[in-house]
Amino acid sequence: ARALTPQTAETDAIRFLVGTQSLRYDNQIHIIDFDDENNIINKNVLLHQVGEIWHISTSPADKGVLATCYNKTSDTKVMTCAAVWRMPKELESGSHESPDDSSSNTQTLELLCHLDNTAHGNMACVMWEPMGDGKKIISLADNNILLWDLQESSTKAVLSSSAALEGKGQLKFTSGRWSPHHNCTQIATANDTTVRGWDTRSMRQIYCIENAHGQLVRDLDFNPNKQYYLASCGDDCKVKFWDTRNVTEPVKTLEEHSHWVWNVRYNHSHDQLILTGSSDSRVILSNMVSISSEPFGHMVDDDELSDQEDQHQEEKIKEPLQDSVIATYEEHEDSVYAVEWSSADPWLFASLSYDGRLVINRVPRALKYHILL
């Protein structure tokens, strides 16, 4: 498996969706519900009968709707296509009790519409408008950015605008993210070693970070609470943080992984917490306080500090903020292709490795209270 996503519209129950990559059997989407109080994982399986799943994303507005990018073999060619699906009604929300033997009642996804890419090439990913009503999505296909409007209860996708990468060589997007800022009018894309920003209204490029990484850029994520801040990661084993108003130099660089970094994710509530997953089989949780929207120490009021005893407290606050690696998780034995935060619990995250192992972890309690208190 490579594809993992939280169920974005579900904010009460802890739920993740995983897409499989089996060559021999029908592929599946596993709905993973984590029961926090009893520490139990419940699983429901949906059949995805069209091919191995490379990417999965969920509607921000409708719990039952998701999109997948999958491989389709026709004649001798393999194409990566994309489609929007609906899960069965009874599985839409994450709070139900799952039966003991969930393997016996496998259900099938209902196809809502295909994102027709015959003219545009292989689909790399599908992004939903973050704050939207679930009707706008962007897909990246080879060197094309395609903006779709899902009309008539999502059963028809109309291509409303598009843009193409110009230039020499085989230009192909690897991934993209839709910014939650600027009224959702900006996206960032990665192709080769370059990161670009686009305005979704004019479909024009607004910034370009050439050679953002020494090798292929694998993933991007926007800081949810601090506009202009963007994280990127890639095959040079690095994670970089950018201010898109000045793209000549990264604001910070992390060099903790020893192989390709496939995934970088900001925590939605506390943007100093950064998750990364890599083919070195490790998941790393970093605390990037210095570039977060709520650096420690800014809460302390001068009046509260009394005499001598608190003098060193005051000095401590004036020290520069320390970024650090909080924890390295080594439960995986294979490349970690995806890491995601839960959309319901800000202290919980999941990671997925190629061998199909899904691991759910928490932010260490001491750090959680340090941030909250």
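Described in the following lines is the structure provided in the data block. Since this is a predicted model, take the numbers as computed values, not measurements.

**Examining the environment of K226**
Relative to the elements of secondary structure, K226 occurs in the loop between β18 (217-222) and β19 (229-234). What K226 contacts, discounting residues up to four positions off in sequence, is H181, I291, S292 and S293. From its side chain, K226 meets the backbone oxygen of I291 in a polar contact 3.3 Å long.

**A short note on the pattern of salt bridges**
Considering all chains together, one arrives at 16 salt bridges under this definition. For D243, the salt bridge is made with R245, and the minimal N-O distance between the two is 2.7 Å. The class of R245 is exposed, set by a relative accessible area of 55%.

**A look at the sheet that holds strand β21 (residues 252-254)**
Strand order across the open sheet formed by four strands is β18-β19-β20-β21, with antiparallel pairing between neighbours. What marks the edges here is a single partner per strand, and that holds for β18 and β21. Within this sheet the neighbouring strands show an average axis-to-axis angle of 20°, counted without direction. Bridge analysis of strand β20 (residues 239-243) against β21 gives three bridges, and the strand direction is antiparallel. Bridge assignment links F241 to a residue of β21, and that residue is K252.

**Some points on the packing of aromatic side chains**
Taken as a whole and assessed by the stated rule, the structure comprises six aromatic pairs. Where W260 meets W262, the ring centres are 6.2 Å apart and the plane angle is 50°; that geometry is what we call tilted. With relative accessibility at 33%, the residue W260 sits in the partly exposed group. Under the relative-accessibility criterion, W262 is labelled buried at 15%.

**Regarding empty space enclosed by the protein**
One pass over the full model with this rule turns up one cavity of 30 Å³ or more. Volume-wise, the largest cavity comes out at about 30 Å³. In terms of lining, the largest cavity is formed by S179, H181, H182, Q186, Y207, F222, Y228 and T244.

**Section: a nonpolar patch on the surface**
Taken together, the side chains of Y369, L372 and L373 define a hydrophobic patch exposed on the protein surface, amounting to about 360 Å² of accessible area. Mapping L372 onto the fold places it in helix α2 (residues 365-372).

**Some points on the sheet that holds strand β17 (residues 204-209)**
On the basis of which strands lie adjacent, the open sheet formed by four strands has the order β14-β15-β16-β17 and antiparallel pairing. If you trace the sheet from one side to the other, it starts and ends with β14 (173-178) and β17, each paired once. Looking at each pair of strands side by side, their axes are set apart by 25° on average, direction ignored. Both β14 and strand β15 (residues 186-191) contribute to a ladder of five bridges, which runs antiparallel. Each bridged residue has a counterpart across the sheet, and for G176 the counterpart in β15 is T189.

**Remarks on the side chain of S281**
You can see S281 is positioned in the loop between β23 (273-278) and β24 (283-287). Looking at S281, the relative accessible area reads 16%, which means it is buried. Excluding anything up to four places from it in sequence, S281 contacts Y329, H332, E333, D334, S335 and V336.

**Notes on the side chain of H30**
When you line up the elements, H30 lands in strand β3 (residues 27-35). Looking at H30, its side chain comes within polar contact range of the side chain of Q28, at 2.7 Å.

Cut-offs and rules
- Residues numbered from 1 in each chain as written.
- Predicted model: local features only at pLDDT ≥ 70, side-chain atom pairs only at ≥ 80, totals over all residues.
- Heavy atoms only, no water.
- Helix = DSSP H or I, 4+ residues; strand = E, 2+ residues; numbered from the N terminus.
- Contact = heavy atoms within 4.5 Å.
- Polar contact = N/O pair within 3.5 Å; in protein donor to acceptor, adjacent residues only side chain to side chain.
- Salt bridge = Lys/Arg side-chain N within 4 Å of Asp/Glu carboxyl O.
- Buried < 20%, exposed > 50% of the residue type's maximum accessible area, 1.4 Å probe, protein only.
- Pairing = 2+ DSSP bridges.
- Axes fitted to C-alpha atoms, helices over the stretch in contact; angles between N-to-C directions.
- Phe/Tyr/Trp six-rings, centres within 6.5 Å; stacked < 30°, edge-to-face > 60°.
- 1 Å grid on protein atoms, 1.4 Å probe; cavity = no way out; pocket = protein on both sides within 12 Å on 5 of 7 lines; lining within 4 Å.
- Points joined across faces, edges and corners; volume = space filled by probe spheres on them.
- Patch = residues over 30% accessible without salt bridge, like charges linked within 9 Å, V, L, I, M, F, W, Y side chains within 5 Å.
- Areas by Shrake-Rupley, 256 points an atom, 1.4 Å probe, with all protein chains shown as cover.

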